[in-house]
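Coordinates in review
What follows is the residue order along each chain.
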Amino acid sequence: MDAYISICIIGKNEEKCITRCMEAIKDFGFPIIYTDTGSTDRTLEIVARYTDNIYHFEWCHDFSKARNFCAMQAPTDWIWVIDCDEYIKDSNLHELADLCKFDENNNTIGTIVQRDIFYQRGQHAFSATRLGRIYHRGFCHYEGIIHEQIVPISKETKATYRDLSFSQNHDGYSDPNVLAMKSKRNADLLHIALREGEDPYLYYQLGRCYTVLDQPADAADAYGRGLALDVDPDLFYVKSMVESYGYSLLDLKEYETALSFENIYDTFANTADFLFLMGLIYMNNALFDKAIQEFKKATAYASSTVEGVNSFLAYYNIGVIYECLGQTKEALSYYRKCGDYTPARERSEVLTHG
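Quick caveat: nothing in here was measured; it's all calculated off a predicted structure.

**Comments concerning the environment of Asn-169**
In this structure, Asn-169 sits in strand S10 (residues 160-170). On the accessibility criterion, Asn-169 (13% relative accessible area) is buried.

**Remarks on the nonpolar core**
Judged by nonpolar contacts, the single largest core of 72 residues is most densely connected at Tyr-135, Leu-206, Phe-261, Phe-276 and Phe-295. Those residues in contact with Phe-276, other than ones at most four positions away along the chain, are Tyr-247, Phe-295, Ala-298, Val-309, Leu-313, Ala-314 and Asn-317. Judged by nonpolar contacts, the second largest core, of 26 residues, contains Ile-5, Ile-32, Ile-112 and Phe-166.

**Some thoughts on the pattern of salt bridges**
Evaluated as defined, the whole model comprises 19 salt bridges. Arg-137 is the salt-bridge partner of Asp-77, the closest N and O atoms lying 2.9 Å from each other. In this pair, Asp-77 is assigned in the loop between helix H3 (63-72) and strand S4 (78-81) and Arg-137 in the loop between strand S7 (123-136) and strand S8 (140-143), connecting sequence segments 60 residues apart. Judged by relative accessible area, Arg-137 falls into the buried class, the value being 18%. Among the ionic pairs, Glu-294 bridges to Lys-297, the shortest N-O distance being 3.4 Å. Of this pair, Glu-294 and Lys-297 both sit in helix H12 (residues 288-298), three residues apart, which is roughly one turn of the helix. What emerges from the salt-bridge pattern is a single network uniting Arg-67, Asp-83, Glu-86, Arg-133 and Glu-148.

**A word on the side chain of Gln-114**
Relative to the elements of secondary structure, Gln-114 occurs in strand S6 (residues 108-120). Accessibility expressed as a relative area gives 5% for Gln-114, which makes it buried. A distance of 2.7 Å separates a polar atom in the side chain of Gln-114 from a polar atom in the side chain of Gln-168.

Reading guide: rules and limits
Residues numbered from 1 in each chain as written. Predicted model: local features only at pLDDT ≥ 70, side-chain atom pairs only at ≥ 80, totals over all residues. Heavy atoms only, no water. Helix = DSSP H or I, 4+ residues; strand = E, 2+ residues; numbered from the N terminus. Buried < 20%, exposed > 50% of the residue type's maximum accessible area, 1.4 Å probe, protein only. Core = buried A, V, L, I, M, F, W, Y, C linked by side-chain atoms within 4.5 Å. Contact = heavy atoms within 4.5 Å. Salt bridge = Lys/Arg side-chain N within 4 Å of Asp/Glu carboxyl O. Polar contact = N/O pair within 3.5 Å; in protein donor to acceptor, adjacent residues only side chain to side chain.

Rendered as structure tokens:
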């Protein structure tokens, strides 16, 4: 049967992770199109074990141009984009086939869930986001030199999105040294992009870079500039930008400024992540009753973007508050709700045995 979709990958010096990526997709039976942007390690040798469709693109500091070039080499119009440091965990090829049935007037972009493993505030953390990764190259393409996005080619049309029950892991930023290096590179490219015009999404990504580089003042400035523009509060990245801005203010010890988030509470208090942030803001302003209330609200949510804010992290902070207030019994009760979370177990040991 002829393939209806191609898997497109761009990369450079990815010998450490490309095998895992390829192993996860090799049995789908779709053409794999790999475009290299200048590898000097064993990446090309490894890729050749999985596909003959290997192309070369001279790097020009523009990720969209590289991705669009790669897509144009595919034998199909439907494109599925995967990065070398990602690997598919769950897939549903029936859903994929259904999405790709129609080629006419199709501005539909398929989205998948990505679980990111990253390094933040001295420890590994986890978050989950939905990303557009599947599209028809006759109607959509990539735009943006950095943190590129799939958008309709025609400015007269709008994209529609279909959430697929696909998931993948991404751990390219789990090494703090690699994360810092890539964040510095990305920040430089984002500044270039912003010279061409202000865009809230680019400011969001710039703020993320500065957060990684432990430059909270620059991060807060970027987030603030992005939120000052016309933004849609329902977009995932806008919610994330609001939360990231709040964390930057806390890092800067601008607790009273962070308390102004009460003014946007009704708009954003529909996720465990925002409620947890509000708990921290109240906690740092010594409004302990309100902090406990927000942490408890966060635990009512079945899911969260950052792992633990709807469970062990919220319970741990409630325990900390009760311990600071001298209410040992209540503190122990909440520490024990945290399961294997090490800081909670350590505090339980101290309170139990002295």
